[in-house]
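# Analysis of the macromolecular model
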Protein chains: 2
Amino acid sequence: MFNQFRNKFPLTEEKWNEYVGYFNRIEVSAKTTLLEEGEISKKLFIIEKGCIRVWFNNNGKDLTSQFFFENQSVASIESFMKKFPSPVVVETIEPSVLWWIHKENLDIIIEEIKENPELRDRLIDMLFQRTFDYMKHFFSFIKDSPAQRYLSLIQEKPQIVQRVPQHYIASYLGISTVHLSRIKSKLLQNK
Amino acid sequence: MFNQFRNKFPLTEEKWNEYVGYFNRIEVSAKTTLLEEGEISKKLFIIEKGCIRVWFNNNGKDLTSQFFFENQSVASIESFMKKFPSPVVVETIEPSVLWWIHKENLDIIIEEIKENPELRDRLIDMLFQRTFDYMKHFFSFIKDSPAQRYLSLIQEKPQIVQRVPQHYIASYLGISTVHLSRIKSKLLQNK
DNA sequence: TTCATTTGATAACAAATGTTATCGTCTACC
DNA sequence: GGTAGACGATAACATTTGTTATCAAATGAA
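Keep in mind it's a predicted model, so treat the numbers as computed, not measured. (Residues numbered from 1 in each chain as written. Chains lettered and ligands numbered in written order. Predicted model: local features only at pLDDT ≥ 70, side-chain atom pairs only at ≥ 80, totals over all residues. Heavy atoms only, no water.)

On a plain count of helices and strands, chain A comes out with 9 helices and 8 strands. On the principal axes, the C-alpha backbone points of chain A span a range of 60 × 30 × 25 Å. Looking at chain A residue by residue over its 191 residues, the buried ones come to 45%. Intrachain contacts of chain A at a sequence separation of at least 6 include 68% that bridge at least 24 residues. Approximately 10100 Å² of chain A is accessible, and the part contributed by carbon and sulfur atoms is 53%. Each charge class in chain A can be summarised by its mean position, and for the 26 positive and 24 negative side chains these summaries are 9 Å apart. (Helix = DSSP H or I, 4+ residues; strand = E, 2+ residues; numbered from the N terminus. Buried < 20%, exposed > 50% of the residue type's maximum accessible area, 1.4 Å probe, protein only. Contact = heavy atoms within 4.5 Å. Areas by Shrake-Rupley, 256 points an atom, 1.4 Å probe, with all protein chains shown as cover. Lys, Arg positive; Asp, Glu negative; His and termini not counted. Charge placed at Lys NZ, Arg CZ, Asp CG, Glu CD.)

Here is the structure:
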């Protein structure tokens, strides 16, 4: 599981084993809640197999804000970093195999990483990259129609379209389930 | 101008003066382009007086993605960090007094800051905060109607509503100028 | 298997939003 | 002071999108 990260992080064998030892493996069924709304996030998850969505309740409606797949890390990032009650729920979509690490242990790793200029820059790059991703997503809401956003999703994140139930995708695109269904049928007509 | 930052950054007098010396003051009129589309961003601006918008051209339409006011720093962040051609234009809205620093000099400052654990954490906090802001903005597109987004804007960023021409605000909210005008007149009726 | 639940398509109608055009006001500039 | 352009309101109409309801297919649990 962690070999994918192994070559990216120039650490000694001992350090590496220490860090890996902080992680715990779990297997959960579909629709398992990993973090409740209002709870303070203390675990970061890495997905070995499966997929996860992050959603929040808005006037009784279930709105999905993010999807995660294999090899990605997941947390209610604001709750995890700032110890706020989480505004969102973290929940599996498929039966999943996950590794989690407690925040206290991750903080130890991060503090040590920050002392290493190369790793530190990689960390900062990751933060920038995340910001760029959100920017891009926001841009799509002011420049594209829902149909265009759906086409971009197919292009850029095909996993979402292939593996996620459609009604979750609808709220992610900011539209109703009925409208997404209409967009799909119109796309089929034009072929 | 820089005194607002002075107490936040525990630097020696010499360092402080060295850093401040990297900045250049300019005065520009309204609608001055500070960065063209396709240009590689090499300057970071700090606003002493005035306001700036970041926009991009989408099929001939001028879409505004960000606004900046006094004491904020502005650049095409992706172009500035990664040396990509900028997808956006940076332009003043009002006549403005700005300070700019060349990327090479800012890099010197940042490298030195990273060696200081306290300042480094502050830098990382700023990156997180920026990400949270974009997340929040994105959330508003999947949960709020345009009218609600406009009300939130009045609450949370009153400067925008007070100082920015309305047609720029419309594209920032992802709606047409006509629709924003309608939202405003409907709000007046209901009082 | 059987049955309840989830998921998705579709129709009919209502509401929201965009487009185009026109008009009035204000502002900057000569 | 006059004039062109920027800005914003509004009307009329077209289009998009949401809502509610119904049905069918797929899925999962007993």
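Neighbouring DNA strand C are 17 residues, the closest being A:Gln166, A:Ser181, B:Pro146, B:His179 and B:Arg182. Sugar and phosphate atoms constitute 67% of the interface atoms of DNA strand C, taking the interface as everything within 4 Å of the protein. A:Lys184 is positioned such that a nitrogen or oxygen atom in its side chain is 3.3 Å from a phosphate oxygen of DNA strand C. Within the side chain of B:Lys61, one N or O atom sits 3.4 Å away from a phosphate oxygen of DNA strand C. Counting residues per element, the ones that place at least two in the surface near DNA strand C are helix H8 (166-173) and helix H9 (177-189) of chain A together with helix H9 (177-189) of chain B. A per-element tally of the surface near DNA strand C places H9(A) first, with 5 residues. (Near = heavy atom within 4 Å. Polar contact = N/O pair within 3.5 Å; in protein donor to acceptor, adjacent residues only side chain to side chain.)

A few words now on the packing of aromatic side chains. Under the definition given, this model contains 21 aromatic pairs over all chains. Here A:Phe138 and B:Tyr172 contribute two aromatic rings whose centre-to-centre distance is 6.4 Å and whose plane-to-plane angle is 75 degrees, an arrangement assigned as edge-to-face. Taken together, the residues span two chains, with A:Phe138 in helix H5 (residues 117-143) and B:Tyr172 in helix H8 (residues 166-173). With 5.4 Å between their ring centres and 45 degrees between their planes, A:Phe141 and B:Phe141 make a pair best called tilted. Of this pair, A:Phe141 sits in helix H5 while B:Phe141 is found in helix H5 (residues 117-143), placing the two residues in two different chains. Each member of the pair A:Phe141 and B:Phe141 is classed as buried. Lying across the ring of A:Trp100, A:Lys43 places its NZ or CZ 4.3 Å from the centre. If you follow B:Lys103 out to its NZ or CZ, it ends over the ring of B:Phe80, 5.0 Å from the centre. (Phe/Tyr/Trp six-rings, centres within 6.5 Å; stacked < 30°, edge-to-face > 60°. Lys NZ or Arg CZ within 6 Å of the ring centre and 35° of its normal.)

Bringing the pattern of salt bridges into the picture now. Side chains that differ in charge, positive against negative, can pair when their charged atoms come close. Residues and elements named next belong to chain A. One pass over the structure, following the stated rule, counts 32 salt bridges over all chains. Ionic pairing is found between Lys15 and Glu18, a salt bridge with its closest N-O pair at 3.2 Å. Of this pair, Lys15 and Glu18 both sit in helix H2 (residues 13-21), 3 residues apart, roughly one helical turn. A relative accessible area of 28% means that Lys15 is categorised as partly exposed. Of the charged contacts, one joins Lys49 and Glu70 as a salt bridge, the two residues approaching to 3.3 Å between their closest N and O atoms. A residue pair is termed long-range when its members are at least 10 positions apart, and Lys49 in strand E3 (residues 43-49) and Glu70 in the loop between strand E5 (61-68) and strand E6 (73-74) qualify at 21 residues. Using a relative accessible area of 23% as the deciding quantity, one classes Glu70 as partly exposed. Connected via shared salt-bridge partners are Lys49, Glu70, Glu94 and Arg163. (Salt bridge = Lys/Arg side-chain N within 4 Å of Asp/Glu carboxyl O.)

Turning our attention to the interface of chain A and chain B. Every contact between the two is made by 32 residues of chain A and, on the other side, 32 residues of chain B. The contact between chain A and chain B buries some 3400 Å² in all, and 75% of this surface belongs to carbon and sulfur atoms. Where chain A meets chain B, there are 4 salt bridges. Across the pair A:Lys114 and B:Asp121 runs a salt bridge whose closest N-O atoms are separated by 2.7 Å. Connecting chain A to chain B are 5 residue pairs in polar contact (both at pLDDT 80 or more). (Buried area = accessible area lost by both parts, 1.4 Å probe.)

The immediate surroundings of DNA strand D are formed by 17 residues, with A:Pro146, A:His179, A:Arg182, B:Gln166 and B:Ser181 found nearest. Near the protein, meaning within 4 Å, the atoms of DNA strand D are sugar or phosphate in a fraction of 66%, with bases accounting for the rest. Here B:Gln166 contributes a side-chain N or O atom positioned 2.6 Å from a phosphate oxygen of DNA strand D. Between DNA strand D and the protein, one listed contact pairs a phosphate oxygen with a side-chain N or O atom of B:Lys184 at 3.5 Å. Elements that contribute at least two residues to the surface near DNA strand D include exactly H9 of chain A together with H8 and H9 of chain B. Residue composition of the surface near DNA strand D, by class: 5 nonpolar, 7 polar and 5 charged. (Nonpolar A, V, L, I, M, F, W, Y, C, P; charged D, E, K, R; others polar.)

Let us look at the relation of the copies chain A and chain B. Laying chain A over chain B is done by rotating through 180 degrees and shifting 0.0 Å along the axis; what remains is an RMSD of 0.0 Å. In symmetry terms, the pair is related by a two-fold rotation axis. Within chain A, A:Thr131 has its C-alpha nearest the rotation axis, a separation of 2.5 Å. When the interface residues of chain A are mapped onto chain B, 100% of them again lie at the interface, so the same face is used by both copies. (Least-squares fit on C-alpha atoms with pLDDT ≥ 70 in both.)

A few words on the domain arrangement of chain A. Interface size, as often reported, equals the accessible area lost upon joining of the parts. Residue and element names in this part refer to chain A. What the domain assignment lists for chain A is domain 1 (3-143) and domain 2 (144-191). For domain 1 and domain 2, the distance between their C-alpha centres works out to 25 Å. Contacts between the two partners involve 21 residues from domain 1 and, on the opposite side, 16 residues from domain 2. Across the domain 1/domain 2 interface, buried area totals approximately 1500 Å², and carbon plus sulfur atoms make up 55% of it. Area buried by domain 1 at its contact with domain 2 is led by Phe67, Phe69 and Phe141, which between them contribute 37% of it. Applying the counting criterion to the domain 1 and domain 2 interface returns 4 salt bridges. Put simply, the parts of the chain that give the side of domain 1 that touches domain 2 at least two residues each are E5 and H5. (Domains from an automatic or database assignment.)

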